[in-house]
Amino acid sequence: MVISVRKGGELRVLTCWGPLFLLCFGVVCNAAPDPSQRDSLMRQETSRQIGGKVTLTAAEMKLDARLRGMKEHEMSLPSFPPAIHFFKAKPLIEKSPIFTLLQKMPKGGALHIHSSTLVGVDWLVRNVTYRHHCYICFTRDQSVRFVFSTGHPWPTWDCFYWYLLETLRAEMGDPAPFDNSLIQNLTLFTEDPDVAYPSQDVVWEKFEKAFVVASGLITHAPVLRDYLYKGLEELHRDNIMYLELRSGLARTYELDGSVHDKVWYLKTIQEVTQKFVKDHPDFLGTRIIITVHRTLSVSRVKAAVMDAIQMQRDFPNVVAGFDLVGREDSGRNLWYFRDALLLPANLGLVLPYFFHAGETDEEGTDVDENILDALLLNTTRIGHGYALPHHPLAKELSRAGNVAVELCPISNQVLKLVSDLRNHPAAVLMSEGHPLVISSDDPSLFGNAGLSYDFYQAFVGIGGLKANLGTLKELAANSIKYSSLPPHLKDAGLVLWGKKWDMFISTNVY
Ligand SMILES: *[C@@H]1O[C@H](CO)[C@@H](O)[C@H](O)[C@H]1NC(C)=O
Ligand SMILES: *[C@@H]1O[C@H](CO)[C@@H](O)[C@H](O)[C@H]1NC(C)=O
Ligand SMILES: *[C@@H]1O[C@H](CO)[C@@H](O)[C@H](O)[C@H]1NC(C)=O
Ligand SMILES: [Zn+2]
């Protein structure tokens, strides 16, 4: 082993063997840090980060140097986007040349998006609510509900009177302010988020409300088809080639009030995806993670688990597995549902899990135990895993088992787990090279369509100056590697992605 030591201004090289090394290390090197040893340690540490072992080509190194220059510049600006709330940072991010590059970058798959928040709300209001037979009602809590119907809809407990939107808009001089108020009902966006959402409780309340508002529109069967296609288009435009969608497979309805079941929903996803792939042959497909709400009873979750097993058998190319959704802090934890979640293992059946776990900052609570329980239940990935860095054992298990964390930076910020993304705990996971993918969670609610915004936050904010092009390359490849695709499709997907990547490098290096 060769160690160089700077002593009295001159550089001396000491050569040490075996036990002698310890001696020289203890005596000489401790006294004054050795620059080349320091370099070597820094290189070793960097090599542990995500992408740290990726060997960049000459062209990639050139692009990497350019990215680093851009990042240094952005870090020196008075308003550093990852440090401020996304609703205020979004216009700044859109001006960033790093963001422009990330939009062009092939990002692989989006593995954590919920079906009812897939498509931008602008289209829902300006296109869907303008269709014939769309009714609206105004609820007592300043919210709205929608329904499509040929006849006048019946009153419900929260909706005494329904108005036909066509008639209502015809009576308005300018429908634009009204349309904007509808958009406000469907998204969390607001000019001053810190005032509007003083606590996690407040922001989650608005979050759950927006789901209900959207449901009347997107559970209308003809709308659902357009909606899914539109969602795939938005992803494809952002250079995403694959989707794993979490969905409760809500019942959908026709104009005459007739209702379709979950199987219809799955078949529709399959058909729409097939059409989309025909129109866009570089898109790999959509797979579904079936979800139920964590406020349900154990017996209802048991039934849902059995149902999911059956649907996975019937639609093996579409159904990836099962998850529980809803705010972890106010819902029941995984351990509470153990009898339901152990059913597949006890019956000798298979149902892969993709649990949301550790989307909390309440350390040491029952909810905080979800990460370990998710791993004990053989989860395939961990949704969010925000609390994972606080659990060394769970972290080791997740790493050893290749259980990737689905990091959704903007979601965590908007839902008030962290305000300055430079302080996101996933910085630890990134610097350790933990299996990780980037996703957007609820793009229609947060306004982070595609994956480029979240990649920006992970690359510029959480990863800091250390994160480089190798980090981006590994993160994108991870999204295929840790997907639920069967091995042969993963391999084919990685080859296709690799071609796109090479094209991205060659067209953006100058
Ligand atoms: C509404 O969306 C559908 C499906 O995306 C599209 O075909 C149609 O042209 C849109 N209509 C308007 C008025 O934008
Ligand atoms: C929802 O839309 C209604 C109808 O325009 C409006 O009165 C209300 O203020 C909106 N609610 C929110 C939270 O923006
Ligand atoms: C998890 O995997 C282990 C090892 O394959 C198996 O023994 C165990 O039954 C599984 N547990 C569940 C809940 O699936
Ligand atoms: Zn989620």
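Parameters and conventions
Residues numbered from 1 in each chain as written. Chains lettered and ligands numbered in written order. Predicted model: local features only at pLDDT ≥ 70, side-chain atom pairs only at ≥ 80, totals over all residues. Helix = DSSP H or I, 4+ residues; strand = E, 2+ residues; numbered from the N terminus. Rg over C-alpha atoms; globule rule 2.2 N^0.38 Å. Buried ≥ 20, exposed ≤ 12 C-beta atoms within 10 Å, placed from the backbone. Contact = placed C-beta atoms within 7 Å. Near = placed C-beta within 6 Å. Nonpolar A, V, L, I, M, F, W, Y, C, P; charged D, E, K, R; others polar. Core = buried A, V, L, I, M, F, W, Y, C linked by C-beta atoms within 7 Å. Domains from an automatic or database assignment. pLDDT = per-residue confidence, 0-100. Pairing = 2+ DSSP bridges. Axes fitted to C-alpha atoms, helices over the stretch in contact; angles between N-to-C directions. Parallel < 35°, antiparallel > 145°, perpendicular 65-115°, else oblique. Left-handed = near helix turned anticlockwise from the far one by under 90°. Arc of directions from axis to C-beta. Expected span 1.5 Å × (residues − 1).

1. Considerations on the overall build of the protein chain
At step 1: Check the secondary structure of the protein chain and you find 23 helices and 15 strands.
At step 2: Compactness check: the protein chain gives a C-alpha radius of gyration of 25 Å against a globular reference of 24 Å for 510 residues, within 12% of the reference.
At step 3: Within the span of the protein chain, comprising 510 residues, buried residues form 41% of the whole.
At step 4: Across the protein chain, every contact between residues at least 6 apart in sequence was considered, and the portion connecting residues at least 24 apart equals 75%.

2. Topic: the site of ligand 2
At step 1: Residues in contact with ligand 2, as listed here, are Phe-138, Gln-142, Ser-143, Val-144, Phe-178, Ser-181, Leu-182, Gln-184 and Asn-185.
At step 2: Considering every element that reaches the shell around ligand 2, the biggest residue donor is helix 8 (residues 176–186), with 5 residues.
At step 3: The residue makeup of the shell around ligand 2, split by class, is 4 nonpolar, 5 polar and no charged.

3. Regarding the nonpolar core
At step 1: Ranked by size, the top nonpolar core spans 119 residues in total, and within it Leu-436 and Tyr-456 carry the most contacts.
At step 2: Take this core: its biggest share by element is 7 residues, from helix 21 (residues 452–462).
At step 3: Two domains each donate at least three residues to this core, and these are domain 2 (81–121 + 206–508) and domain 3 (122–205).
At step 4: In this view, Leu-436 contacts Ile-50, Ala-404, Val-405, Leu-407, Leu-429, Met-430, Leu-475 and Asn-478; residues no more than four positions away in its chain are not counted.

4. As for the domain arrangement of the protein chain
At step 1: Domain annotation of the protein chain identifies domain 1 (2–48), domain 2 (81–121 + 206–508) and domain 3 (122–205).
At step 2: Centre-to-centre, using C-alpha coordinates, domain 1 lies 45 Å away from domain 2.

5. Examining the confidence of the model for the protein chain
At step 1: Here the protein chain shows a mean pLDDT of 93. Residues at 70 or above account for 94%.
At step 2: For residues 1–24, every residue scores under 50 in pLDDT, and the model assigns this stretch 31 contacts once sequence neighbours within four places are set aside.

6. Focus: the sheet that holds strand 6 (residues 163–164)
At step 1: Strands sit in the order 5-4-6 across an open sheet of 3 strands; the sheet is antiparallel. Every interior strand has two partners, whereas the edge strands, strand 5 (144–148) and strand 6, have only one.

7. Let's talk about the environment of Gly-470
At step 1: In this fold, Gly-470 is placed in helix 22 (residues 469–481).
At step 2: Each C-alpha atom of the pair Gly-470 and Gln-310 lies 41 Å from the other, and the pair is 160 residues apart in sequence.
At step 3: Once residues lying within four places of it in the same chain are set aside, the contact partners of Gly-470 are Gly-51, Gly-52, Val-54 and Leu-56.

8. Thoughts on the pairing of strand 5
At step 1: With 4 of 5 residues buried, strand 5 is to be regarded as a mostly interior element.
At step 2: Here strand 4 (residues 134–138) pairs with strand 5 via 5 bridges, running antiparallel. In the sheet register, Phe-138 faces strand 5, and the bridge partner there is Val-144.
At step 3: Hairpin connection between strand 4 and strand 5: a loop of 5 residues separates the two successive antiparallel strands, and Gln-142 in this loop has a positive phi of roughly 65 degrees.

9. Topic: the sheet that holds strand 7 (residues 242–247)
Pairing between sheet strands relies on hydrogen bonds along the backbone, with the strands arranged either parallel or antiparallel.
At step 1: Here 4 strands make up an open sheet; going across it, the order is 3-7-10-11 and the pairing parallel. The sheet is open, and its two edges are formed by strand 3 (109–114) and strand 11 (319–325), each paired on a single side. Between one strand and the next, the sheet's axes are offset by a mean angle of 25 degrees, whatever the strand orientation.
At step 2: Summarising the sheet, strand 7 and strand 10 (residues 285–293) pair through 6 bridges and their orientation is parallel. Bridge pairing in strand 10 places Leu-243 opposite Thr-286.

10. Side note on the environment of Val-298
At step 1: Assignment of secondary structure puts Val-298 in helix 13 (residues 298–314).
At step 2: The sequence separation of Val-298 and Ala-340 amounts to 42 residues, and the corresponding C-alpha distance is 6.3 Å.

11. With respect to the packing of helix 11 (residues 221–237) against helix 12 (residues 262–279)
At step 1: It is the contact of helix 11 with helix 12, at a shortest axis distance of 10 Å, that shows an interaxial angle of 45 degrees. With respect to helix 12, the axis of helix 11 lies oblique. Along this stretch, helix 11 crosses helix 12, giving a crossing that reads as right-handed. On helix 12, the residues touching Leu-224, Arg-225, Leu-228, Tyr-229 and Leu-232 of helix 11 are Thr-268, Ile-269, Val-272 and Phe-276.
At step 2: For the contact of helix 11 with helix 12, the per-class residue count stands at 7 nonpolar, 1 polar and 1 charged.

12. Brief notes about helix 17 (residues 392–400)
At step 1: Looking only at helix 17, the buried set comprises Ala-394, Lys-395 and Ser-398. Down the axis of helix 17, the smallest arc covering the buried residues is 100 degrees, so these residues share one side. Turned more than 90 degrees away from the buried face of helix 17, the exposed residues are Pro-392, Leu-393, Glu-396 and Ala-400.
At step 2: Looking at the buried residues of helix 17, the elements they touch are helix 16 (370–376), strand 13 (381–384) and strand 14 (404–407).

13. Regarding helix 2 (residues 35–48)
At step 1: For helix 2, which comprises 14 residues, the first-to-last C-alpha distance of 20 Å matches the rise-based estimate of 20 Å (1.5 Å per residue) to within 8%.
At step 2: Within helix 2, only 0 of the 14 residues are buried, which leaves the element largely exposed.

14. A few points about the pairing of strand 3
At step 1: Of all the 6 residues making up strand 3, 6 are buried; the element is thus mostly covered by neighbouring parts of the structure.
At step 2: Two elements, strand 3 and strand 7, share 4 bridges in a ladder whose sense is parallel. Across the sheet, residue His-114 finds its bridge partner in strand 7, namely Arg-246.

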